[in-house]
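# Structural description and commentary
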Amino acid sequence: MSRNIRIRIERDSPVPIYRQIAESIRQRIEAGLLPSGYKLPPSRRLAERLGVARISVVNAYAELQSEGLVRAYPARGTFVTGKRAGSRKGAAPDLIGGSTTWRALHRLAHRQGVIDLSGGAPSPEFLPVNAIRHAVNAVLERDGAIALDYEPTEGYFPLRRAVRDHVASLGIECRPDDVLITGGCQQALDLAVQALVGEGETILTTNPTYLGLLDIARARRIRLIGLPCDDEGLVVEGLEDAIEEWEPRLIAITPTFHNPTGTVMSLPRRRFLLEVAATYGVPILEDGVYHELHYERVPPPPLRTLSDKVLYASGFSKILLPGTRIGYLIAGGEWHDRLVQVKRAADICSPGLNQRGLHFYLADGALPGHLSRLREALRARRDLAVGELREHLPGARFTVPQGGIYIWAELPPGPTAAELYATAVEHGVAFAIGTLFHTDGSGERYMRLNFAAVPERELAVGIRRLGQAWRELGEDMDKSRHPAPIL
């Protein structure tokens, strides 16, 4: 960098290192010492000079860019603009929390040549394209322009009836009139939250929890309190104390193949949760979107099979059609009426052609065979990922998931997941950082890997790249354990 720039890192300071770097550069830009057009050094080079992890420099540059003080150009570098974009000083989040952060990480993961294991859907190779094409063409031939018209807010009735029949195979009893068709499971969760929880009120969930639920809570200005979980799911000791302290309006939980941990809540804990919730009159929102992706034994029944005081949200994005965004929410009585009102205000109705095409596919009896093939393929993909992780990232701790599409791994002693991320992307692989899923910002040593996201060969290569990035970063950090230089 220019001889006019001096960056001193105070390692004992409570101010994060990336913010110390950003502030040093910011001061010199605002003082006119770094003119517009000045090229900042590559993040790796500056990190080496300062003796810090590269993620700290990446975060610093991201903060400055969000303020409009610098701008990054692919393949060219990061340049000073000198003009603020109106953001308040220090407003940009770092790479370990927030929906803005997730979008930033998502962009990095989609760079050319990066194997992305951070997403939340199976690989497109699993989609039954020919069967869906046949279903859509048949619907258009049968129904003509009607297939493109509005449907009732509640959803296309034959599809609601088919969903009733489908969930009956899981033990859930309901009427078609209890089924609300939604824009994916995410909208089902959001509608339930809007209908039952007001701004400033509280939801109890697990810690960690589903990233989408965190986004909903932020957008709706709702307090999200996370309770600990272990290998049997939600730790129910302390549940009553938490309800009495926080007076939640809702308990939101994924009891089967939990996202991100992959755990399954034991049947005794399920019964205890339902008993306590009923005692205190707190409704439960169950996310069942992974329930059918089991690879060994069938998991315990959904909470909804044990109590009709549970709102059951699920969909077909994980098992069939990610892009069509067809989900459903099962709730009866006054709950259903309120949910329909909220849905009508949100988008009037879900796309009719998608609903009719999915109904044709379900009515044709194709789903059970597809599910069987999908489970077999994903079990093989999981076994491959487990073997590669044990070989190339020894020391990482994880429980082999019995279903779902994720491995939740705790890193060995050394760099955190956020520190590893930038180096991993440089090596051509991306993952989801554990802190993104925590209600309290913890989980810095965890990462989530989607083993269903890419074909087998890419999966193996991606995990090997991850191991290489871990080893390289560890070596770099060992070399940098000395007082930071003054530039």
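Please read all numbers here as calculations on a predicted model, not as lab measurements. (Residues numbered from 1 in each chain as written. Predicted model: local features only at pLDDT ≥ 70, side-chain atom pairs only at ≥ 80, totals over all residues. Heavy atoms only, no water.)

### Side note on the overall build of the protein chain
Scanning the protein chain for helices and strands turns up 16 helices and 16 strands. Taking 487 residues into account, the globule formula puts the C-alpha radius of gyration at 23 Å, and the protein chain, at 24 Å, falls close to it. Once the C-alpha set of the protein chain is aligned to its principal axes, its extents read approximately 75 × 50 × 45 Å. Evaluated residue by residue, the protein chain yields a buried proportion of 55% over its 487 residues. Across the protein chain, every contact between residues at least 6 apart in sequence was considered, and the portion connecting residues at least 24 apart equals 73%. Of the roughly 21,400 Å² of accessible surface on the protein chain, 49% is carried by carbon and sulfur atoms. Positive and negative side-chain charges of the protein chain, numbering 59 and 57 respectively, have mean locations separated by a distance of 8 Å. (Helix = DSSP H or I, 4+ residues; strand = E, 2+ residues; numbered from the N terminus. Rg over C-alpha atoms; globule rule 2.2 N^0.38 Å. Buried < 20%, exposed > 50% of the residue type's maximum accessible area, 1.4 Å probe, protein only. Contact = heavy atoms within 4.5 Å. Areas by Shrake-Rupley, 256 points an atom, 1.4 Å probe, with all protein chains shown as cover. Lys, Arg positive; Asp, Glu negative; His and termini not counted. Charge placed at Lys NZ, Arg CZ, Asp CG, Glu CD.)

### A short note on helix H13 (residues 352–363)
If you check H13, its first and last C-alpha atoms are 16 Å apart, about what 12 residues at 1.5 Å a residue would give, namely 16 Å. Taken residue by residue, H13 has Gly352, Gln355, Arg356, Gly357, Leu358, His359, Tyr361 and Leu362 as its buried positions. Where H13 is buried, its residues contact helix H5 (129–143), helix H6 (157–168), strand E5 (179–182) and helix H14 (367–392). One or two residues past the end of H13 sits glycine 365, with phi positive at roughly 80 degrees. (Expected span 1.5 Å × (residues − 1).)

### Quick look at the packing of helix H3 (residues 54–66) against helix H15 (residues 417–427)
One can describe the packing of H3 onto H15 by two numbers: an axis separation of 7 Å at closest approach and a directional angle of 90 degrees. Relative to H15, the element H3 is oriented roughly perpendicular. Across the interface between the two elements, Arg54, Ile55 and Val58 of H3 pack against Ala418, Glu419, Ala422, Thr423 and Glu426 of H15. Its residues placed into classes, the contact of H3 with H15 shows 4 nonpolar, 1 polar and 3 charged. (Axes fitted to C-alpha atoms, helices over the stretch in contact; angles between N-to-C directions. Parallel < 35°, antiparallel > 145°, perpendicular 65-115°, else oblique. Nonpolar A, V, L, I, M, F, W, Y, C, P; charged D, E, K, R; others polar.)

### Points about the pairing of strand E3 (residues 77–80)
Relative to E3, strand E1 (residues 39–40) is paired through 2 bridges, and the arrangement is antiparallel. Opposite lysine 39, over in E3, you have phenylalanine 79 as the bridge partner. (Pairing = 2+ DSSP bridges.)

### Thoughts on helix H9 (residues 239–246)
Buried residues of H9: Leu239, Ala242 and Ile243, and no others. What you see down the axis of H9 is that its buried residues fit within an arc of 100 degrees, all on one side. Exposed residues pointing more than 90 degrees away from the buried face of H9 are listed as Asp241, Glu244 and Glu245. Contacts made by the buried residues of H9 are with strand E6 (202–207), strand E7 (223–230), strand E9 (250–253) and helix H10 (267–280). Directly after H9, the chain includes glutamate 247, whose backbone phi takes a positive value near 50 degrees. (Arc of directions from axis to C-beta.)

### Remarks on the sheet that holds strand E16 (residues 446–450)
Taken in spatial order, the 3 strands of this open sheet run E13-E16-E15, and their pairing is antiparallel. At either margin of the open sheet sits one strand with a lone partner, and together these are strand E13 (406–410) and strand E15 (432–433). Where E15 lies against E16, 2 bridges are found, and the strand directions are antiparallel. Looking at the pairing, alanine 432 lines up with arginine 448 of E16.

### Structural notes on the packing of aromatic side chains
In this structure the tally under the stated criterion is 5 aromatic pairs. Ring centres of phenylalanine 316 and tyrosine 328 lie 5.7 Å apart, and the angle between their planes is 55 degrees; on these two criteria the pair is classed as tilted. Residue phenylalanine 316 is found in the loop between strand E11 (310–315) and strand E12 (327–330), and its partner tyrosine 328 is found in strand E12; the two are separated by 12 residues along the sequence. The exposure class assigned to tyrosine 328 is buried, which follows from its relative accessible area of 1%. Taking 5.2 Å as the distance between ring centres and 10 degrees as the angle between the ring planes, the aromatic pair formed by tryptophan 408 and tyrosine 446 counts as stacked. Pair noted here: tryptophan 408 is in strand E13 and tyrosine 446 is in strand E16, with a separation of 38 residues, a long-range link. Given a relative accessible area of 11%, tryptophan 408 falls into the buried group. For tyrosine 446, a relative accessible area of 26% puts it in the partly exposed group. Taken together, the aromatic side chains of Trp408, Phe437 and Tyr446 make up a single cluster linked through ring pairs. (Phe/Tyr/Trp six-rings, centres within 6.5 Å; stacked < 30°, edge-to-face > 60°.)

### Here we look at the nonpolar core
Judged by nonpolar contacts, the single largest core of 103 residues is most densely connected at Leu285, Phe316, Tyr328, Leu339, Phe431 and Leu466. The leading source of residues in this core is helix H7 (residues 184–196), at 8 residues. Filtering out sequence-adjacent residues up to four positions away, phenylalanine 316 remains in contact with Val163, Leu321, Ile326, Tyr328, Leu358, Leu362 and Leu367. (Core = buried A, V, L, I, M, F, W, Y, C linked by side-chain atoms within 4.5 Å.)

### Thoughts on unusual backbone geometry
The amide bond that connects asparagine 207 to the next residue, proline 208, takes the cis arrangement and shows omega of 10 degrees. By secondary structure assignment, the location of proline 208 is in the loop between E6 and helix H8 (211–220). With omega at 20 degrees, the peptide bond leading from asparagine 259 into proline 260 counts as cis.

### Thoughts on the side chain of arginine 160
One can find arginine 160 in helix H6. Within the structure, the side chain of arginine 160 is placed 3.2 Å from the side chain of aspartate 177, a separation counted as a polar contact. Beyond its immediate chain neighbours, meaning those up to four positions away, arginine 160 contacts Glu154, Gly155, Pro176, Asp177, Val179 and Ile181. (Polar contact = N/O pair within 3.5 Å; in protein donor to acceptor, adjacent residues only side chain to side chain.)

### Looking at a negative patch on the surface
Where like charges cluster on the molecular surface, the negative patch consists of Glu240, Asp241, Glu244, Glu245 and Glu275. Examining the composition of the negative patch, we find that 4 residues originate from one element, H9, more than from any other. Mapped onto the fold, aspartate 241 is located in helix H9. (Patch = residues over 30% accessible without salt bridge, like charges linked within 9 Å, V, L, I, M, F, W, Y side chains within 5 Å. Salt bridge = Lys/Arg side-chain N within 4 Å of Asp/Glu carboxyl O.)

### Quick look at the sheet that holds strand E2 (residues 70–73)
Read from one edge of the open sheet, 3 strands run E1-E3-E2, paired in antiparallel fashion. Two strands close off the open sheet at either side, each with one partner strand: E1 and E2.

### Re empty space enclosed by the protein
All chains considered together, the criterion is met by 3 cavities of 30 Å³ or more. Reported here for the largest cavity is a volume of approximately 90 Å³. Lining the largest cavity, in full, are Leu189, Thr205, Thr206, Thr209, Tyr210, Leu213, Ala252, Ile253, Thr254, His258, Leu285 and Asp287. Counting residues per element, the ones that place at least two in the lining of the largest cavity are E6, E9 and strand E10 (284–287). The residue makeup of the lining of the largest cavity, split by class, is 6 nonpolar, 5 polar and 1 charged. For the second largest cavity, the full set of lining residues is Thr206, Cys229, Gly233, Leu234, Ile253, Thr254, Pro255, His258, Thr263 and Met265. Class assignment of the residues belonging to the lining of the second largest cavity gives a composition of 5 nonpolar, 5 polar and no charged. (1 Å grid on protein atoms, 1.4 Å probe; cavity = no way out; pocket = protein on both sides within 12 Å on 5 of 7 lines; lining within 4 Å. Points joined across faces, edges and corners; volume = space filled by probe spheres on them.)

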